[in-house]
Amino acid sequence: MNSPVNTDRPALAKIVATVGPASDSPEIIGRLIEEGVSVFRLNFSHGSLDEHEVTLGVIREAAQHAGRPVAVMGDLPGPKIRVGKVPGDGIMLSPGDTVFIGGTDNNAVRNDNGVVLPCTYVGAVEDVDPGQRVLINDGAIRMLSVDRLDEKQAEQVGVAGNALQCAVTTGGLVTSGKGINLPDCEVSAPAVSERDWACVQWAVKHGIDYLAMSFVRRPEEIIELRKYLDGVCSLNFGTDQSGEGSKIPIIAKIEKPQALDRIEQIIEAADAIMVARGDLGVEMDLALVPVIQKQLIDLAGQWGKPCIVATQMLETMIHNSSPTRAEVSDVANAIFDGADAVMLSAETAMGDHPSLVVSMMHRIIAASESRIRQLLPVNKPQTKLIERRIQNAAISHGAWRIAQDIKASLVVCWSETGHTARLLSQNEFGIPIVAFSSSKRQTQRMALLRGVVPIRATPPGDGSISEWELMVEAQILGNGWARKGDAIVMVAGDPVGQSRTSKHLAIHHLGTSRSDQS
């Protein structure tokens with residue numbers, strides 16, 4: 001058996017933490033950064049935009065105080081369907097009960113005909129066919145659609161407007177705001193709601209680093225949002241050297257079965273994906289979720305896109321001071337699968353000890369990565385990009401081979417737009433990737449990328465590789481990230497600091513001159 005794993009080494013996979021009432025103070029935000037959070041998630045499903053603005057200010061100030069780039073992700077609510085207002089402590093449903101689902105102008109009530117439940121999505125009546133499932137509260141309550149009722153029929157059973165008649169198969173308590181899932185039908189609601197568009201405009205105005213798009217079903221939905229962002233961001237912020245503008249990258253949340261039918265096109269259209277296992281586990285056979293998680297992580301890597309694994313990773317730590325063994329294994333397996341980041345939701349948003357849960361997640365990641373380093377290195381090249389002869393994908397794959405052969409301590413790149421850093425991060429070097437850029441926005445976004453240590457710096461005045469080497473040596477040796485004589489792999493355009501230039505790939509030994517290395 002190999003030597004014990006080392007949990008003291010900094011983790012390469014990143015931690016995403018959701019901010020909420022338990023973690024929105026300057027003190028807690030600062031502590032979470034110290035414990036290892038690289039990305040903070042603002043959940044637009046909760047709280048007002050004014051409240052999020054205050055939180056964003058706290059995060060930016062804490063990151064500046066910590067002296068490290070931190071990304072902020074805005075999570076759009078999407079077409080989430082919910083139960084309307086239910087009076088009192090709720091209504092108990094039992095197997096065999098008849099339930100009529102109508103619009104929000106109805107009152108939740110039990111009458112002689114059954115139970116009337118208001119729903120925030122009026123299109124449910126038209127979308128759901130008889131025999132299809134209707135699930136409430138993450139599938140705890142299960143019903144089958146029996147019939148659609150027109151206005152006249154609905155009026156006879158006490159419902160205003162059209163109604164969907166359902167039969168309860170698994171009962172439970174229904175309370176206000178509980179989520180409704182319609183796993184068997186194609187929901188016709190637009191992917192971006194009116195509330196979403198308001199959040200998108202706010203995100204652009206306030207410089208959010210990533211936007212997570214909920215309930216993605218088709219690549220066209222991502223393309224629609226991207227077209228809007230391209231226009232608005234370029235208008236507000238101009239264009240960068242690549243000519244692509246300062247558009248906000250889009251993270252596609254995979255939580256609908258329909259998304260899996262066109263998953264490769266969705267990954268190609270998005271900038272990253274999130275395996276949102278909550279709704280995915282409700283709408284699909286739960287036993288398939290771990291298999292789908294592994295497939296999605298692998299596919300994202302083939303396309304050179306980051307993948308975040310989310311939902312209930314350390315759920316019991318909302319109140320407990322330690323996780324279950326199963327939760328620890330869950331986080332570890334995501335790292336072994338190659339996840340770029342793992343996400344905490346309620347654990348940090350409303351948990352009793354958010355900094356403790358981040359510390360625990362960091363330890364699990366570090367222990368898993370320590371074990372991975374003991375195994376034979378396995379490269380997973382970005383095959384979809386290499387097939388298309390994308391030059392940077394081939395260079396990043398070559399850099400991995402060189403790093404393994406010379407046992408490099410670090411990979412260093414100049415990545416003005418973050419593109420090179422992203423492709424390098426997908427090659428599972430097993431060592432840190434120090435990525436330089438003069439762009440504050442891009443260094444913040446690079447905080448999501450596995451293994452990447454973003455550094456904001458001004459390019460050498462003459463753009464020469466030799467001047468950049470001096471910058472690299474000062475940064476690495478000054479921070480104690482490596483020692484004199486260590487080999488590193490360097491990747492940059494020539495001249496340094498400019499996009500879309502020919503790539504320079506070199507081996508450099510720290511503390512030695514070029515003549516010594518020749």
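Above this text is the structure in question.
First, a word on what this report is: a plain description of the structure on this page. (Residues numbered from 1 in each chain as written. Predicted model: local features only at pLDDT ≥ 70, side-chain atom pairs only at ≥ 80, totals over all residues. Heavy atoms only, no water.)

What to know about the overall build of the protein chain
Right, so step 1: Check the secondary structure of the protein chain and you find 19 helices and 23 strands.
Right, so step 2: With respect to the principal axes defined by its C-alpha atoms, the protein chain has extents near 90 × 55 × 45 Å.
Right, so step 3: A total of 518 residues make up the protein chain; the buried ones form 54% of that total.
Right, so step 4: Excluding contacts between residues fewer than 6 apart, the proportion of contacts in the protein chain whose partners are at least 24 apart in sequence is 69%.
Right, so step 5: Surface exposure of the protein chain reaches about 22,100 Å², of which carbon and sulfur atoms provide 50%.
Right, so step 6: Each charge sign in the protein chain was given a centre, from 49 positive and 61 negative side chains, and these centres are 5 Å apart. (Helix = DSSP H or I, 4+ residues; strand = E, 2+ residues; numbered from the N terminus. Buried < 20%, exposed > 50% of the residue type's maximum accessible area, 1.4 Å probe, protein only. Contact = heavy atoms within 4.5 Å. Areas by Shrake-Rupley, 256 points an atom, 1.4 Å probe, with all protein chains shown as cover. Lys, Arg positive; Asp, Glu negative; His and termini not counted. Charge placed at Lys NZ, Arg CZ, Asp CG, Glu CD.)

Brief notes about unusual backbone geometry
Right, so step 1: With a phi angle near 60 degrees, Gln312 is a residue other than glycine that sits in the positive phi range.
Right, so step 2: By the element assignment, Gln312 lies in the loop between β17 (307-310) and α11 (325-337).
Right, so step 3: With phi around 50 degrees, Glu428 is a residue other than glycine that occupies positive phi space.
Right, so step 4: Of note, Glu428 is situated in the loop between α16 (419-425) and β20 (433-437).

A word on empty space enclosed by the protein
Right, so step 1: Using the criterion set out here, one finds four cavities of 30 Å³ or more in the structure.
Right, so step 2: Approximately 110 Å³ is the volume found for the largest cavity.
Right, so step 3: As for the largest cavity, its lining consists of Pro79, Lys80, Ile81, Ile180, Asn181, Leu182, Val187, Phe215, Arg217, Lys256, Asp279 and Glu283.
Right, so step 4: Here the lining of the largest cavity is built from residues that sort into six nonpolar, one polar and five charged. (1 Å grid on protein atoms, 1.4 Å probe; cavity = no way out; pocket = protein on both sides within 12 Å on 5 of 7 lines; lining within 4 Å. Points joined across faces, edges and corners; volume = space filled by probe spheres on them. Nonpolar A, V, L, I, M, F, W, Y, C, P; charged D, E, K, R; others polar.)

Observations concerning the side chain of Glu416
Right, so step 1: Looking at the element boundaries, Glu416 is found in the loop between β19 (410-414) and α16.
Right, so step 2: Despite its burial, Glu416 pairs with no opposite charge; the closest candidate is Arg456, at 8.2 Å N-O.
Right, so step 3: Here Ser438 takes part through its side chain, which lies 2.3 Å from a polar atom of the side chain of Glu416. (Salt bridge = Lys/Arg side-chain N within 4 Å of Asp/Glu carboxyl O. Polar contact = N/O pair within 3.5 Å; in protein donor to acceptor, adjacent residues only side chain to side chain.)

Overview of the pattern of salt bridges
For side chains bearing opposite charge, pairing can occur when the charged atoms are close.
Right, so step 1: The tally for this structure, following the rule as stated, stands at 18 salt bridges.
Right, so step 2: Arg110 is the partner of Asp97 in a salt bridge, and the nearest nitrogen-oxygen pair spans 3.5 Å. Pair noted here: Asp97 is in the loop between β5 (91-93) and β6 (98-102) and Arg110 is in strand β7 (residues 109-111), with a separation of 13 residues, a long-range link.
Right, so step 3: Classification of Arg110 as partly exposed rests on a relative accessible area of 45%.
Right, so step 4: For the salt bridge of Arg148 with Asp129, the shortest nitrogen-to-oxygen distance reads 2.4 Å. A residue pair is termed long-range when its members are at least 10 positions apart, and Arg148 in strand β10 (residues 141-149) and Asp129 in the loop between α3 (124-127) and β9 (133-136) qualify at 19 residues.
Right, so step 5: What makes Asp129 partly exposed here is its relative accessible area of 35%.
Right, so step 6: If you follow the salt bridges from partner to partner, you end up with Glu186, Arg217, Arg218 and Glu221 in one network.

A few points about the nonpolar core
Right, so step 1: One finds Phe40, Ile222, Leu314 and Met361 to be the most contacted residues of the largest nonpolar core, which totals 77 residues.
Right, so step 2: Setting aside its immediate chain neighbours within four residues, Met361 contacts Ile15, Met313, Leu314, Val331, Val342, Met343 and Leu344.
Right, so step 3: Among the nonpolar cores identified, the runner-up in size contains 28 residues, and Ile91, Val115, Leu117 and Ala189 belong to it. (Core = buried A, V, L, I, M, F, W, Y, C linked by side-chain atoms within 4.5 Å.)

Overview of a negative patch on the surface
Right, so step 1: A contiguous patch of negative charge on the surface is contributed by Asp24, Asp50, Glu51 and Glu53.
Right, so step 2: In this structure, Glu51 sits in helix α2 (residues 49-66). (Patch = residues over 30% accessible without salt bridge, like charges linked within 9 Å, V, L, I, M, F, W, Y side chains within 5 Å.)

Section: the packing of aromatic side chains
Each aromatic ring pair is characterised by the separation of its centres together with the angle its planes make.
Right, so step 1: This model, assessed by the stated rule, comprises five aromatic pairs.
Right, so step 2: Between Trp414 and Phe436 the ring centres are 5.7 Å apart and the planes differ by 10 degrees, which places this aromatic pair in the stacked class. In this pair, Trp414 is assigned in strand β19 and Phe436 in strand β20, connecting sequence segments 22 residues apart. Judged on exposure class, the residue Trp414 and its partner Phe436 are both buried.
Right, so step 3: Counting every residue linked through ring pairs, the aromatic cluster contains Trp414, Phe436 and Trp468. (Phe/Tyr/Trp six-rings, centres within 6.5 Å; stacked < 30°, edge-to-face > 60°.)

Regarding the sheet that holds β6
Hydrogen bonds between backbone groups are what pair the strands of a sheet, and the pairing can be parallel or antiparallel.
Right, so step 1: Spatially, eight strands are ordered β4-β13-β9-β10-β11-β6-β8-β7 in an open sheet, and the strand pairing comes out mixed. Strands at the two margins of the open sheet, each flanked by one partner only, are β4 (81-82) and β7.
Right, so step 2: One ladder, built from seven bridges, connects β10 with strand β11 (residues 163-170); its direction is antiparallel. Paired with Arg142 across the bridge in β11 is Thr170. (Pairing = 2+ DSSP bridges.)

Examining the pairing of strand β1 (residues 14-18)
In regular strands, side chains alternate between the two faces of the sheet.
Right, so step 1: For β1, the buried fraction is high: five of the five residues fall into the buried class.
Right, so step 2: In β1, alternate side chains face the same way, and those of Lys14, Val16 and Thr18 on one face and Ile15 and Ala17 on the other are all buried.
Right, so step 3: With four bridges joining them, β1 and strand β18 (residues 341-344) adopt parallel strand pairing. Within the sheet, the bridge partner assigned to Lys14 lies in β18 and is Ala341.
Right, so step 4: With four bridges joining them, β1 and strand β2 (residues 37-43) adopt parallel strand pairing. Across the sheet, residue Ile15 finds its bridge partner in β2, namely Val37.

Points about the pairing of strand β8 (residues 114-118)
Right, so step 1: Within β8, five of the five residues are buried, leaving the element largely enclosed by the surrounding structure.
Right, so step 2: When β6 meets β8, the two strands line up parallel, connected through four bridges. Across the sheet, Val99 pairs through a bridge with Val115, a residue of β8.
Right, so step 3: Pairing geometry for β7 and β8, over three bridges, is antiparallel. Note that in β8 the partner of Asn111 across the bridge is Gly114.
Right, so step 4: Taken together, β7 and the strand that follows it, β8, pair antiparallel across an intervening segment of two residues.

As for a nonpolar patch on the surface
Right, so step 1: There is a patch of nonpolar side chains on the surface, built from Phe336, Ile372 and Leu375 and spanning about 240 Å² of accessible area.
Right, so step 2: Secondary-structure assignment places Phe336 in helix α11.

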